[in-house]
Amino acid sequence: MLKRLIENWLTSLSERDLDIPFRLLLEAEGHVAVGHRTVHGLAELGKDIVSWHPTQGLVYFFQLKTGDAKPSDWNEMERQIRQMVEVPYVHPNYTVEAPYQPVWVCTGQLSESVRLSLGLKNKEHQRIGKPPIQVWERNCLIEKYHSAFFDVLFADEYFVVDFLRLWSHASNYMSDEDSLREFLHHYLFELPAAKEREMRKHLATYALILAQLSQRYVSMSDLYSGIDCALLGAVQLYEFIVSQAIEPSRYQDCLRIVHEFVGFLLRNLVDQCTACNEIVKDLLEVESGPSEIFELPLRAHSLASKIALSLLLKSLRGQDAAMEIELLQDVLENNPAFCHIISERQMGTFWVSTLGLLRANRLELAKRCVVETFDWFMKFHGKEGQLGIPDPYQPYRVAINHHLRIETHDVRLLNMNGQSYLLPILLKFICHLGLRDALAQHWKPVSFMTVREYRPSSAEELFAYRPQGGRMTLCGFPVTGSWSGIQEQYSERLTSEIVEFTERYPESLLFLALAYPWRAQWREVERYI
């Protein structure tokens, strides 16, 4: 998967785009720069980059070319090769007698006729005592970049400092989320590209640095955070695509490969859970201590929703999801803490996990989870002095303060008693599963509750982190208070103005629910089951 990301990025570059990341690759492989910067034009004398490799005791001359090398390119290639091999390199740090190795770097592939011509040229060089020219083609470059993946930065120069800061300070997604989001958003929107070639390079580079940041967490044995980072980056990409009105032909390759990368990380998680049952068992063996009251439900939601996401993505593509179904059932059937909603920020993970159960046709388990979650939810509403459950627009760190009723200089407690963003999701599942009796048990307090919901007016606002437009709606129960009236109210779908993108990419709403949990779309339950 990572190799495909690198290939997609390589094919999007121009020669000047390749300069910086290629020099970084050389540095990762132990080369020391001789020249100060890459030169293109007549003054280069066939040598775009010159480096010294202390271990090998060789000076390397590199000539860079992007794209495939076709027969029509040979005349110019032959001129540059002759200069690279035969014209002396003059530099204070280089002596003419030093052994050297010329290398032709090509991000594409050499045609057969070019390969034969180059072979004849190398034989000619050997006859006159010159070193043969090595060729680093696309496949060779992919292997090299893949081997040096964590040592090479794929960000543009302007963003390297921010990238390094994120890279070096990465700890876990819950604490890094704001910094990651700001960097990814800044990178996408600060470098808009008008030309098609520029846009392809911009998006391909974004996909690659997103993979690097996600893999950083994986390398620290935190696959959960790696997946969360990839989902956040995918949603940022959706927002950029719809807000810039980019033609599908320009972004499809990049978006497809980002989707595949998320799937790659999810497969790793499923494989790990299958190979090591301790991952699931850890959620079933409750640890002691008050912090576990808050941490266990979040861990259960995180694992369940990621397994369910893998299940749903496979179902969308017609693939077998038997392993995911079994794992999801193990996690939810034996873990009542899943039904303990500590913050309404869990609305996204609850939505995706329940969708997974419905898609797997585990209706009885889905009913049990919905009923128990609804019972738990109503414990925090309806009585004087209660504060409800923390709303989803507040980070998880506020949840403990909210439940302990501790207000600090940077944490303001909100009274959510009798109002909720999560309630529509619970009512949607209650209606879909025909759980009328479960609703009737809490009828009096719930009938006085206010539903809060952000309704975006466009796809751009749907995917935006903190949109300025749209409208916040407040609504209660139908005036009649009838079961049929509630069913009718919760049978709505997304408006036609924003449905086009989600019809084309149904996984986008699933990613959105986990990256921005307050955007879980209760209206689109039927789309996935």
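Everything here concerns the structure above.
Okay, so let's go over this structure. Remember, it's a predicted structure, so these values are computed and weren't measured experimentally.

### What to know about the overall build of the protein
Now for step 1: What the protein contains, in helices and strands, is 24 helices and 8 strands.
Now for step 2: Seen along its three principal axes, the alpha-carbon backbone of the protein occupies a region of about 95 × 50 × 45 Å.
Now for step 3: Burial status across the protein gives 53% buried among its 529 residues.
Now for step 4: Taking all contacts inside the protein whose residues are at least 6 apart in sequence as the whole, residues at least 24 apart take part in 75%.
Now for step 5: With an accessible surface of roughly 23400 Å², the protein has 50% of that area assigned to carbon and sulfur atoms.
Now for step 6: Between the mean site of the 54 positive side-chain charges and the mean site of the 67 negative ones, the protein shows a separation of 2 Å.

### Details of the nonpolar core
Now for step 1: By size, the foremost hydrophobic cluster in this structure holds 149 residues, and its most contacted members are Phe22, Phe62, Tyr145 and Trp351.
Now for step 2: Counting residues in each nonpolar core, the second largest holds 19 residues, with Met77, Ala98, Trp104 and Leu110 among its members.

### Here we look at the pattern of salt bridges
A side chain with one charge can pair with a side chain of the opposite charge if their charged atoms come near.
Now for step 1: One pass over the structure, following the stated rule, counts 29 salt bridges.
Now for step 2: In this structure, Arg115 engages Glu137 in a salt bridge whose closest nitrogen and oxygen atoms are separated by 3.0 Å. Here Glu137 lies in the loop between strand S5 (134-136) and helix H5 (138-147) and Arg115 lies in helix H4 (residues 112-127), a separation of 22 residues in the sequence.
Now for step 3: With a closest N to O distance of 3.8 Å, Glu364 and Lys367 form a salt bridge.

### Details of the sheet that holds strand S3 (residues 58-65)
Now for step 1: Spatially, 5 strands are ordered S1-S2-S3-S4-S5 in an open sheet, and the strand pairing comes out mixed. Here the strands that pair on one side only, and so sit at the sheet edges, are strand S1 (32-33) and S5.
Now for step 2: As judged from the 3 bridges shared by strand S4 (residues 100-106) and S5, these two strands associate in the parallel manner. Counterpart to Trp104 in the pairing with S5 is Val135.
Now for step 3: Strands strand S2 (49-53), S3, S4 and S5 of the sheet are contacted by helix H2 (residues 15-28), whose axis makes an angle of about 155° with S3.
Now for step 4: Relative to S4, helix H3 (residues 74-86) is tilted by about 155°, and along the sheet it contacts S3 and S4.

Thresholds, definitions, all that
Residue indices begin from 1 for each chain and proceed along its sequence in written order. In keeping with the predicted nature of the model, local features appear solely for residues at pLDDT of at least 70, side-chain atom pairs appear and are counted solely at 80 or more, and the whole-chain, interface and lining totals rest on all residues. Hydrogen atoms and water are omitted, and side-chain values are computed over all heavy atoms in the structure. Starting at the N terminus, helices and strands are each numbered in turn, a helix being any DSSP run of H or I of at least four residues and a strand any DSSP run of E of at least two. A 1.4 Å probe rolled over the protein chains alone gives each residue an accessible area, and that area as a share of the maximum for its type sets the label: buried under 20%, exposed over 50%, partly exposed in between. Whether two residues are in contact is decided by their heavy atoms: any pair within 4.5 Å suffices. Each accessible area is a Shrake-Rupley estimate made with a 1.4 Å probe; only the visible protein chains count as cover when residues are assessed. His is not counted here, nor are the chain ends, while Lys and Arg score as positive and Asp and Glu score as negative. Lys charges are placed at NZ, Arg charges at CZ, Asp charges at CG and Glu charges at CD. Working definition of a nonpolar core: buried Ala, Val, Leu, Ile, Met, Phe, Trp, Tyr and Cys residues. They are joined through side-chain atoms within 4.5 Å. Here, a salt bridge means any side-chain nitrogen of Lys or Arg that lies within 4 Å of a carboxyl oxygen of Asp or Glu. The rule for pairing is simple: two strands pair if DSSP sees at least two bridges between them. Axes here mean lines fitted to C-alpha atoms, for a helix over just the part in contact, with angles spanning 0 to 180 degrees between N-to-C directions.

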